[in-house]
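A structural walkthrough
This is what each chain is made of:
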Amino acid sequence: MTAIPRYRSYVGPAILSAGFRPFFLGASIWAAVAVPLSLGAYAEGLALPTKLAPPIWHAHEMVFGYAAAPVAGFLLTAIPNWTGRMPLQGGALATLVLLWVIGRLGVLLSGEIGAPAAAVADLCFPAAFLAVVAREIVAGRNWRNLPMLGALALLLLGNLLVHLDTLDLADTAELGNRIGLVTLLMLISLVGGRIIPSFTRNWLTKARPEVAPPVPAGRFDLAALVVTGLTLLIWTIAPAAAVTPWAAVAAGIALVLRLSRWHGLYTVPEPLLLILHVGYGWLALGLLLLGVDGLTDMLPATTALHALTVGAVGTMTLAVMTRASLGHTGRPLSAGPVTKAIYGLITVAALLRILSPLAGNRIDLALWLAGAAWSCAFGLFAVFYGLVLLQSRVRDEIARPI
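Since this is a predicted model, take the numbers as computed values, not measurements. (Residues numbered from 1 in each chain as written. Predicted model: local features only at pLDDT ≥ 70, side-chain atom pairs only at ≥ 80, totals over all residues. Heavy atoms only, no water.)

Overview of the side chain of Asn142
Take Asn142: it is sitting in the loop between α5 (115–139) and α6 (147–166). Every residue in contact with Asn142, bar those within four places of it in the chain, is listed here: Trp82, Thr83 and Ile137. (Helix = DSSP H or I, 4+ residues; strand = E, 2+ residues; numbered from the N terminus. Contact = heavy atoms within 4.5 Å.)

Below, the structure written as structure tokens:
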């Protein structure tokens, strides 16, 4: 794999010196703000100026608003390492970020500016980002990562389907949001399967050399990915089909077994690594709950959904955002007090959200507590990691863990 190139000589705000900086910061701010707005609309009757129904807006902004930003930050940081080409910086990066911000405002204010204008405002970012990534991968002849273009195309398609519903051209909002979510889950399955055993192996070699390293990827890992991919495809197309819950159980079991081969229990002393295993564990649990929900009446329908969203997507994006921010700004790859608090809060948010239907007439309180934990987790990232993302990389000095 080609080593990451040197950055161009760049004079300007540090926030625009690398893709992860503005997108991780923007994602954390929007995540912290959007959930209280959504809860206000659901529980308090807050009238949002969006044309989307509150549940559709909530799902859309969590998938295509919040989660799309960490994906962009991750890819803009990883692609130069894959291709050997220069990273996006300065004005070009600022333009992408601006398109993402315009999309968030456009969807939120769609009731005021109209559905057509909101659709154009929102779809510009995923279309432009797809074009940027395609250019880099093709120019760098990095065919191994062509599936990333497929994932970005699906995110664009899912977003388009939501807007077609808002334009009264098709009844496709739920399908579009589901396409976006399953694309994120598949990315977690694929990318997590690359980075988690790799990072774990490196850490165990230094900290626990007596422990056997994670089992190398092989046919079992491929089979687990195939089963997971097929399950997510079936759930997208036919969520109520008789085969869907059985496929979800099979995929959940396969991912549990896959995760067990990476020796995550040995990483408890290092939360920065453990949280990656936890995030992948939420994906496995969410699929198992999806199967149980389809086979029995034991669980509310939202239980599996929020294990997959708040649990898997929320935890894994924060895990990647914290680790990448530390590593690429010259900070120690170790979790300090704030980072541990962030991980604890996102875990509490996920647990409270999936258990909230059991709260009876106190469900609104449970939802607000879950939302508060979520917003505090991302708020802490925005404040403490934001200070790091706004500053130049640390050089020739010792920085304390965050």
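Some points on the side chain of Thr166
The topology assignment puts Thr166 in helix α6. Side-chain polar atoms of Thr166 contact the backbone oxygen of Val162, separated by 3.1 Å. Non-local contacts of Thr166, meaning those with residues more than four positions away in its chain, are made with Lys51, Leu52 and Ala115. (Polar contact = N/O pair within 3.5 Å; in protein donor to acceptor, adjacent residues only side chain to side chain.)

Here's the deal with the pattern of salt bridges
Scanning the entire structure with this criterion turns up 7 salt bridges. The shortest N-O distance in the salt bridge between Glu210 and Arg208 comes to 2.5 Å. Look at Glu210 and you get exposed, because its relative accessible area is 57%. Since its relative accessible area comes to 28%, Arg208 is described here as partly exposed. If you follow the salt bridges from partner to partner, you end up with Glu61, Arg104 and Asp122 in one network. (Salt bridge = Lys/Arg side-chain N within 4 Å of Asp/Glu carboxyl O. Buried < 20%, exposed > 50% of the residue type's maximum accessible area, 1.4 Å probe, protein only.)

Describing the packing of α6 against helix α7 (residues 173–207)
It is at 6 Å that the axes of α6 and α7 come closest, and there the two elements cross at 160°. For the element pair α6 / α7, the angle class is roughly antiparallel. Pair α6 / α7 crosses with left-handed handedness. Residues Met148, Ala151, Leu154, Leu155, Leu157, Gly158, Leu161, Val162 and Asp165 of α6 form the contact with α7, whose participating residues are Ala173, Leu175, Gly176, Asn177, Ile179, Gly180, Thr183, Leu184, Leu187 and Val191. (Axes fitted to C-alpha atoms, helices over the stretch in contact; angles between N-to-C directions. Parallel < 35°, antiparallel > 145°, perpendicular 65-115°, else oblique. Left-handed = near helix turned anticlockwise from the far one by under 90°.)

Looking at helix α9 (residues 243–260)
Three or four residues apart is the spacing at which side chains of an α-helix point the same way, because the helix has 3.6 residues per turn. Given a rise of 1.5 Å per residue, 18 residues ought to cover 26 Å, and the 26 Å separating the end C-alpha atoms of α9 matches this to within 8%. Those residues of α9 not exposed but buried are Thr244, Pro245, Ala247, Ala248, Ala251, Gly252, Ala254, Leu255, Arg258 and Leu259. In this structure, the buried residues of α9 make contact with α7, α8 (219–237) and α10 (271–295). (Expected span 1.5 Å × (residues − 1).)

Notes on the packing of α7 against helix α11 (residues 301–328)
Close contact between α7 and α11 brings their axes to 11 Å; oriented N to C, the two are set at 45°. Taken together, the axis directions place α7 and α11 in an arrangement best described as oblique. Like other packed secondary-structure pairs, α7 and α11 cross with a definite hand, here left-handed. Listed contacts from α11 to Leu181, Leu184, Leu185, Ile188, Ile195, Ile196 and Phe199 of α7 are Leu305, Leu308, Thr309, Ala312, Val313, Met316, Val320 and Arg323. Considered class by class, the residues forming the contact of α7 with α11 number 13 nonpolar, 1 polar and 1 charged. (Nonpolar A, V, L, I, M, F, W, Y, C, P; charged D, E, K, R; others polar.)

Concerning the confidence of the model for the chain
When pLDDT is averaged along the chain, the result is 92; 97% of the residues meet or exceed 70. When the criterion is pLDDT under 50, residues 1–6 qualifies, and its contacts beyond four places in sequence or with other chains add up to 17 contacts. (pLDDT = per-residue confidence, 0-100.)

So, the packing of aromatic side chains
All chains considered together, the criterion is met by 9 aromatic pairs. Judged by centre distance (5.7 Å) and plane angle (40°), the rings of Phe23 and Phe125 are tilted. Taken together, the positions of Phe23 in helix α1 (residues 20–43) and Phe125 in helix α5 put the pair 102 residues apart, joining distant regions of the chain. Phe125 carries the same exposure label as Phe23, and that label is buried. Here Trp262 and Tyr280 contribute two aromatic rings whose centre-to-centre distance is 5.0 Å and whose plane-to-plane angle is 65°, an arrangement assigned as edge-to-face. Linking Trp262 in the loop between α9 and α10 with Tyr280 in helix α10, this pair joins segments that are 18 residues apart in sequence. Since its relative accessible area comes to 1%, Trp262 is described here as buried. Feature note: the residues Phe23, Phe125 and Phe129 constitute an aromatic cluster, connected by ring pairs. The lysine or arginine in question, Arg323, covers the ring of Phe199, its NZ or CZ lying 4.0 Å from the ring centre. (Phe/Tyr/Trp six-rings, centres within 6.5 Å; stacked < 30°, edge-to-face > 60°. Lys NZ or Arg CZ within 6 Å of the ring centre and 35° of its normal.)

Some words on a nonpolar patch on the surface
Residues Leu98, Val101, Ile102, Leu105, Leu109 and Ile113 make up a contiguous nonpolar surface patch of roughly 480 Å² in combined accessible area. At 4 residues, helix α3 (residues 90–108) tops the list of elements feeding residues into the nonpolar patch. Residue placement: Leu105 occurs in helix α3. Note on Leu105: relative accessible area 47%, which makes it partly exposed. (Patch = residues over 30% accessible without salt bridge, like charges linked within 9 Å, V, L, I, M, F, W, Y side chains within 5 Å. Areas by Shrake-Rupley, 256 points an atom, 1.4 Å probe, with all protein chains shown as cover.)

Notes on α5
End to end, α5 covers 36 Å across 25 residues, agreeing with the expected 36 Å (1.5 Å per residue, within 8%). Roughly 30° is the biggest bend found in α5, and it falls at Leu123, with proline Pro126 one to four residues downstream. (Bend = angle between axes of the 7 residues up to and from the residue.)

With respect to the environment of Pro80
Locating Pro80 in the fold gives a position in helix α2 (residues 54–83). Its relative accessible area of 4% is what places Pro80 among the buried residues. Remark: the alpha-carbon pair of Pro80 and Ile137, spanning 57 residues in sequence, is separated by 9.2 Å.

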